[in-house]
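Below are the chains, spelled out letter by letter.
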Amino acid sequence: MDDGSVGDLFRRAAEHAVRFRDTISDRQQRPQVSYLGSLEAFREPVPEEGASGPEVIDALAAKAEPGLHAMTGSRFFGWVIGGSHPVGVAADWMTSAWGQNAGNHHAAPAAAASEAVAAGWLLDLLDLPRESSVGLATGATVANFVCLAAARGEVLRRVGWDAEAQGLFGAPPVTVLIGDDAHATVFSALQFLGFGHDRVTRLKTDEMGCISTSDFGEAAARVSGPSIVILQAGQINTGAFDDFAALMPIARRIGAWVHVDGAFGLWARASARKRLAEGVDEADSWATDGHKWLQTPYDCGYAIIHDADAHRRAMTIAASYLPPSHEGERDPSHFVPELSRRARGFATWAMIKHLGRKGIAAMIERHCRIARQMADRLRGEEGIAILNEVVLNQFMVRFGAGRADEEADRLTQRTVERLQADGVCFAGGANWRGRKVMRVSVISWLTDDSAGEMAADAIVAAWRAVSDTGDAATGCETVP
Ligand SMILES: Cc1ncc(COP(=O)(O)O)c(C=O)c1O
C-alpha cells in the first residue's frame, strides 16, 4: 500500500469501531438521520480517482455513523436483534482479514474444521440428535429455505419422485401445513421453493400465536400423499412455542416431515427454559440463528437436519474443479446454497468458546427475567396492557387500554413514535390481531437489569406524555 501500512489502516478502523461501541450507551438509541439523510451523505458520482485507505475509512465512518442504529446497545428492543458481541465481532474481523473462501475443506482447512466443531457444539447445546448435519447460512431465512429444500426432496423421494433432478413440474402434490402466525420468512422460503405461499394450508392459532391442536388434527386427517408440517419455537411477537408434544404424534401419523422455525426460540433448549421446547428434538429439521441469541455478528444462521443425506442431496454442488470430500471430511458448501462463502464457523466457534454452556444459559435466563420485569412494571401503569403471557423474552404492549380500539391504536402509535423520538431506548411497532402494538424483544448480551428498568421508565414516560397531551406529534419516523 502506498498510503500507509496495513496495520495503520486496520488500527484506524478499529479506533472508529471502538469509539462507536464506547459511546453507544450515551447516544440516542435511534439513528440521527433517516434513510434519505444517509443517502444524501453517501451520494456522489463514481469517483474518477481513488482515495487513500485511511481517507476511505474516515469518510465511511463520518458518512455512516449518523445513520447507524444502536442495535449493539443495551437498550435496543426492536425486532429480534442480537447485540453483535465484541468477541464475535473480533473473530469476524479476523475472518475478514484472513479472507478465507470457506466453500471446501481443501481450500480452507481451518475454516471448515472450526465450522465442523462449532456444528457439533450447536447440536450439543441445543440438545438435538447428534447425527444431524448443520449448514451455516446467512440467517434463519436461508436456514428455513435449506431445511425446507431437504424436506421437499425427501418427501417426494419417498413417493418415487426425484425433485433435485426433475424439479416440481409433474411432481405429486405436496401438502404443506403451517400456522397462521408463522414468521413471514418461512412463507418466503416456501415461495422460493415453488410451493407458493398461498397454496399452503394455514392452521388456526391461539391468542399466543400457537397452532390449534384440534385444527391441526382436522387438517392432518385430510392429508394424503407427501406432506410437510411447519412448527414454531418462539413466535416473533409472543415468544410462544407450538405444543410439540401434542402436534408431533399427529404429524408422525401422516408421515410428514416436520420442520421447526426456531430463529431465536430454539435457544431456550440451551437454558433452564428447555421445557418450553420439550419434544422439539423429534422433528426432522430446525432453523435457528447465531446472530440472535448467540450474539454473533450478522450473517449467521444454522440449518439443522436430522437426515444428513437429505440435506446433502438438496444442497450439494459438484464440479470437476472442486476436490471431492472423503469420509470424515466436511465441505461447508455442501450444506448451504452457496459456494464462495464467508467462514461463519470462526465467529460461531468464538462465541460458544467465550460464553460457554453456562454463560449462554445465564444470558438467556437474564433476558427472560428482564422481559418479565419490564412487562410487570408497565402493567402497573394505568392505561397500559401487556397482551401476551411473557414466557420468553418477547412481549407486546398496548396503550390506551380500555378505550375504543381506534383510539387505543392511535395512542399506541403515538407512544411508539414518542419513545423513538425520546431516544432513551428503542422499541418498534407492529399489528397484532388487527390492532397496533409496541413490540419489546430483550435479546442483547449487553442488556442488564438497570437497562431494563431505564427502558421501562422511558416507555411509561412516553405513554404519560402522549396520554397527558392527548396526542404528541413528534415528527419522528415510525419504524414498522
Ligand atoms: C421466528 C423467526 N423466524 C425467522 C426469522 C428470520 O431470520 P433472519 O432475519 O435471521 O433471516 C426471524 C427473524 O426475526 C424470526 O424471528
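Residues numbered from 1 in each chain as written. Predicted model: local features only at pLDDT ≥ 70, side-chain atom pairs only at ≥ 80, totals over all residues. Heavy atoms only, no water.

**Q** Is there a simple way to think about the overall build of the protein in this case?
**A** A tally of regular secondary structure across the protein gives 14 helices and eleven strands. A compact globule built from 480 residues should have a C-alpha radius of gyration of about 23 Å, and the protein, at 24 Å, falls within 12% of that. Here the protein, with 480 residues, has 52% of them falling under the buried criterion. Counting 48 positive and 61 negative side-chain charges, the protein places the centres of these two groups 3 Å from one another. (Helix = DSSP H or I, 4+ residues; strand = E, 2+ residues; numbered from the N terminus. Rg over C-alpha atoms; globule rule 2.2 N^0.38 Å. Buried < 20%, exposed > 50% of the residue type's maximum accessible area, 1.4 Å probe, protein only. Lys, Arg positive; Asp, Glu negative; His and termini not counted. Charge placed at Lys NZ, Arg CZ, Asp CG, Glu CD.)

**Q** Would you mind going over the site of the ligand with me for this structure?
**A** Taken together, 13 residues surround the ligand, and among them T141, D261, D289, H291 and K292 come closest. Measuring from a nitrogen atom of the ligand, one finds a side-chain N or O atom of D261 at 2.7 Å. Starting from 390 Å² of accessible surface for the ligand in isolation, the protein chains cover 86%. Taken together, the residues of the shell around the ligand break down into four nonpolar, six polar and three charged. (Near = heavy atom within 4 Å. Polar contact = N/O pair within 3.5 Å; in protein donor to acceptor, adjacent residues only side chain to side chain. Areas by Shrake-Rupley, 256 points an atom, 1.4 Å probe, with all protein chains shown as cover. Nonpolar A, V, L, I, M, F, W, Y, C, P; charged D, E, K, R; others polar.)

**Q** Can you help me understand the UniProt feature "modified residue: N6-(pyridoxal phosphate)lysine" (unreviewed entry) in the protein in this one?
**A** Within this numbering scheme, the UniProt entry marks K292 as carrying the feature "modified residue: N6-(pyridoxal phosphate)lysine" (unreviewed entry). Ignoring anything within four residues of it in the chain, the contact list for K292 reads V80, G82, A263, F264 and I443. (UniProt positions renumbered as here; feature names shortened; annotations may be inferred. Contact = heavy atoms within 4.5 Å.)

**Q** Sorry if this is basic, but what is going on with the sheet that holds strand β4 (residues 227–232) here?
**A** On the basis of which strands lie adjacent, the open sheet formed by seven strands has the order β1-β7-β6-β5-β4-β2-β3 and mixed pairing. The sheet is open, and its two edges are formed by β1 (133–137) and β3 (201–203), each paired on a single side. The sheet shows a mean angle of 20° between the axes of neighbouring strands, direction not considered. Summarising the sheet, β1 and strand β7 (residues 301–305) pair through five bridges and their orientation is antiparallel. Looking across to β7, one finds that V134 is bridged to I304. Across the sheet, helix α8 (residues 184–192) is in contact with β2 (175–179), β3, β4 and β5 (257–261); its angle to β2 comes to roughly 165°. (Pairing = 2+ DSSP bridges. Axes fitted to C-alpha atoms, helices over the stretch in contact; angles between N-to-C directions.)

**Q** Teacher, can you tell me more about the environment of A111 here?
**A** Residue position: A111 is located in helix α5 (residues 109–125). Along the chain, A111 and V176 lie 65 residues apart, while their C-alpha atoms are 36 Å from each other. Among residues more than four places away in sequence, those in contact with A111 are Q100, A102, A343 and F346.

**Q** For this particular structure, what's the right way to read the pairing of β5?
**A** The side chains of a regular strand alternate, first on one face of the sheet and then on the other. Taking burial as the measure, the five residues of β5 include five buried ones, the bulk of the element. Here β5 shows no split at all, with W257, H259 and D261 on one side and V258 and V260 on the other all buried. Judged from the five bridges that link them, β4 and β5 form a sheet pairing that is parallel. Bridging from a neighbouring strand, I230 pairs with H259 of β5. Between the parallel pair β4 and β5, the chain is carried across by helix α10 (residues 244–253), and the sense of this crossover is right-handed. Sheet topology places β5 next to strand β6 (residues 285–289); three bridges connect them, and they run parallel. Paired with D261 across the strands is A287, a residue of β6. (Right-handed = clockwise from strand over helix to strand, strands pointing away.)

**Q** Explain the sheet that holds strand β10 (residues 428–432) to me, please; I cannot follow it from the model alone.
**A** Strand order in the open sheet formed by four strands is β8-β9-β11-β10, and the pairing between neighbours is antiparallel. Whereas interior strands pair on both sides, the edge strands pair on one side only; in this sheet they are β8 (384–386) and β10. On average, each strand axis in the sheet is inclined to that of its neighbour by 40°, with strand direction left out of account. Two elements, strand β9 (residues 394–399) and strand β11 (residues 435–441), share four bridges in a ladder whose sense is antiparallel. By the bridge assignment for β11, V397 is matched with M438.

**Q** Whenever I open this one, the packing of helix α13 (residues 405–422) against helix α14 (residues 449–469) confuses me. Can you help?
**A** Helix-helix packing is characterised by the crossing angle of the two axes and by the distance between the axes. The N-to-C vectors of α13 and α14 enclose an angle of 125°; their axes lie 8 Å apart at closest approach. One way to sum up the angle between α13 and α14 is to call them oblique. You can see that α13 and α14 cross each other, and the crossing is right-handed. Across the interface between the two elements, L411, R414, T415, R418, L419 and D422 of α13 pack against A458, I459, A462, W463, A465 and V466 of α14. (Parallel < 35°, antiparallel > 145°, perpendicular 65-115°, else oblique. Left-handed = near helix turned anticlockwise from the far one by under 90°.)

**Q** Is there a simple way to explain α13 in this structure?
**A** Note: α-helices contain 3.6 residues per turn, so residues at a spacing of three or four share the same orientation. In this model α13 runs 25 Å from its N-terminal to its C-terminal C-alpha over 18 residues, within 8% of the 26 Å that 1.5 Å per residue would give. Those residues of α13 that fall on the buried side of the exposure criterion are A408, D409, L411, T412, T415, V416, E417, L419, Q420 and A421. Lining the buried residues of α13 we find β9, β10, β11 and α14. Following α13 by one or two positions, G423 adopts a phi angle in the positive range, close to 80°. (Expected span 1.5 Å × (residues − 1).)

**Q** Explain the state of the cysteines here, please?
**A** In protein structure, a disulfide is the covalent linkage between the sulfur atoms of two cysteines. The full count for this structure, using the stated rule, is zero disulfides. Between C368, a free cysteine, and C210, which holds the nearest cysteine sulfur, the sulfur-to-sulfur gap is 15 Å. (Disulfide = S-S within 2.5 Å.)

**Q** How should I be thinking about α5 in this particular structure?
**A** Here α5 contains 17 residues, and its C-alpha end-to-end distance of 24 Å stays within 8% of the 24 Å for a straight helix at 1.5 Å per residue. When α5 is considered as a whole, its buried residues turn out to be A111, A112, S114, E115, A118, A119, L122, L123 and L125. Packed against the buried residues of α5 are β1, β7 and α12 (344–379). Once α5 finishes, D127 follows within two positions and takes phi at roughly 50°, a positive value.

**Q** Is there a simple way to explain the pattern of salt bridges in this structure?
**A** Opposite charge on two side chains lets them pair, provided their charged atoms get close. The tally for this structure, following the rule as stated, stands at 37 salt bridges. Where R158 meets E154, a salt bridge forms, and the shortest distance between an N and an O atom there is 3.2 Å. Among the salt bridges present, the one from R435 reaches D409, with a minimum N-O distance of 2.6 Å. On the criterion of sequence distance, the pair formed by R435 in strand β11 and D409 in helix α13 is long-range, its members being 26 residues apart. (Salt bridge = Lys/Arg side-chain N within 4 Å of Asp/Glu carboxyl O.)

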